[in-house]
Amino acid sequence: MLTDLSPIRISPTEQEILNKIKRLSSRSGSHSPSLSTMQQAIPEINIDIDACYLSNPLATDLFWSQFNADVLADPQLFKRMLEAYPSQNGAIAERLSATLGIDADRLFISNGATEAIQAVIHNYATHIHICTPTFSPYYEFAGSKIRVTEFKLNPENNFSIDPEEYVRSVLESQADTAVLISPNNPDGYLLPDDDLIWILSRLTSLRTVIVDESFIHLADRPTPGGQMPTCTGITERFENVTIIKSMSKDFGIAGIRAGYAIMPSNRVDQLLSHGYLWNTSGLAEYFFSLFERPAFLNQYSQELSTYKGYIDKFISTTAKFGFLRVFESSANFQLMQMPEGVSAEQITTLLLLRHGVYVRNCGDKIGLDGEFIRVAIRTEDENIKILSALTDVISP
Ligand SMILES: *Cc1c(COP(=O)(O)O)cnc(C)c1O
């Protein structure tokens with residue numbers, strides 16, 4: 001278990017910067033300040049590795065080189081993106097349909113998955129039941145009109161979900177909407193398929209069950225025929241299930257704002273007629289057009305499997321950390337609990353100041369009691385630096 005540590009020492013200069021970061025964070029709501037906000041506000045810090053945002057850096061590079069090649073081949077490509085409206089939601093859905101194996105009329109393309117979360121909650125929910133800790137937009141979009149109840153995940157059980165307890169909790173809450181994120185953010189727990197199916201089969205009375213699979217491609221599970229895994233079968237089997245999928249993390253393109261949801265076609269129709277017709281951008285349309293290129297998808301699969309190798313290596317290294325409690329993760333990040341007497345805020349600041357490593361201080365995560373940080377897994381070189389920075393700052 002955890003070794004007893006004396007509190008970490010912090011110099012006065014470090015304390016001063018710590019205070020600045022505190023002020024900045026309090027202005028960023030439930031999300032961490034972005035890298036550029038941080039650097040602008042506190043010029044004395046030098047961020048070398050962004051291990052706060054959860055993106056796949058290999059996929060970003062792949063996208064970037066593809067984009068450059070296409071612009072080189074067609075110099076007007078980017079200008080057209082700027083000048084013209086992108087295609088309508090339904091037309092982009094058509095482009096994705098074949099690759100995902102989902103009928104286009106059940107696909108709702110969104111400006112980041114966050115927009116799909118907002119659309120579903122604002123249009124179809126009066127009371128949502130979330131698991132905490134969770135991705136904050138699920139309760140933020142509820143505002144004051146939509147009731148929110150919670151199923152608390154327990155670090156002692158590695159944040160796992162006991163299907164029977166969970167179903168009981170949802171039904172007792174009388175919520176009309178339940179949210180399951182798997183793998184979950186911030187803990188990385190993957191709900192086994194059998195558990196998920198069992199849960200969904202018991203929750204058919206709900207109006208909506210949201211299954212957020214934004215990190216599913218990072219979970220270690222087979223991808224038959226090179227197809228990207230989706231929960232297709234689930235939405236076909238359970239009418240009330242809506243799948244939410246962000247492209248930001250596994251494709252490393254958070255800046256483009258691209259995501260989608262899979263839901264019954266009548267809901268897609270309703271949402272499109274309620275103003276979501278032109279909700280993406282030219283760049284997002286370009287990104288989705290890559291789904292029609294087998295060569296791109298092949299390369300992506302290769303990058304993904306290389307990246308998964310990095311993730312495995314990272315996780316097997318932290319498993320040996322005796323000075324820190326780490327949680328098993330099926331995603332590209334890991335939640336870590338600080339030793340007794342050490343605050344997550346101190347560690348976050350010291351990692352930044354002494355090593356230029358920016359990690360997520362989870363102090364503001366609702367439903368996460370205690371001192372936690374979330375560390376994103378990056379390229380092999382960066383991971384080595386992140387791991388040695390953690391060891392240096394925390395290990396006694
Ligand atoms: C990041 C994230 C999203 C949404 O991301 P977008 O950038 O809006 O696509 C959705 N769900 C979970 C669990 C996430 O972590």
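Refer to the structure printed above.
Structural notes, computed from the coordinates.

Cut-offs used in this document
Residues numbered from 1 in each chain as written. Predicted model: local features only at pLDDT ≥ 70, side-chain atom pairs only at ≥ 80, totals over all residues. Heavy atoms only, no water. Axes fitted to C-alpha atoms, helices over the stretch in contact; angles between N-to-C directions. Helix = DSSP H or I, 4+ residues; strand = E, 2+ residues; numbered from the N terminus. Parallel < 35°, antiparallel > 145°, perpendicular 65-115°, else oblique. Left-handed = near helix turned anticlockwise from the far one by under 90°. Contact = heavy atoms within 4.5 Å. Pairing = 2+ DSSP bridges. Buried < 20%, exposed > 50% of the residue type's maximum accessible area, 1.4 Å probe, protein only.

**Quick notes on the packing of helix H1 (residues 12–26) against helix H14 (residues 344–355)**
It is at 10 Å that the axes of H1 and H14 come closest, and there the two elements cross at 115°. In terms of orientation, H1 and H14 fall into the roughly perpendicular class. The chirality of how H1 crosses H14 is right-handed. For the pair formed by H1 and H14, the contact residues are Glu14, Ile17, Leu18, Ile21 and Lys22 on the first element and Glu345, Gln346, Thr349, Leu350, Leu352, Leu353 and Arg354 on the second.

**Remarks on the sheet that holds strand E3 (residues 127–132)**
Sheet architecture is open: 7 strands sit in the order E2-E8-E7-E6-E5-E3-E4, paired in mixed fashion. One side of each edge strand has no neighbouring strand; the edge strands of this open sheet are strand E2 (107–110) and strand E4 (147–152). Within the sheet, the average angular offset between the axes of one strand and its neighbour, ignoring direction, is 20°. The pairing of E3 with E4 spans 6 bridges and is parallel. For Cys131, the partnering residue across the bridge sits in E4 and is Phe151. In the packing of helix H6 (residues 113–124) onto the sheet, the strands contacted are E2, E3, strand E5 (177–181), strand E6 (208–212), strand E7 (241–246) and strand E8 (259–262), and the crossing angle to E7 comes to about 155°.

**A short note on the pairing of strand E11 (residues 357–361)**
Successive side chains on a regular strand alternate, one facing one side of the sheet and the next facing the other. Within E11, 4 of the 5 residues are buried, which leaves the element mostly enclosed by the surrounding structure. Pairing between strand E1 (residues 49–51) and E11: 3 bridges, direction parallel. Residue pairing across strands places Asp50 opposite Tyr358, the latter belonging to E11. When E11 meets strand E12 (residues 372–376), the two strands line up antiparallel, connected through 2 bridges. By the bridge assignment, Arg360 is partnered in E12 with Arg374.

Just geometry here; none of it tells us what the structure is for.
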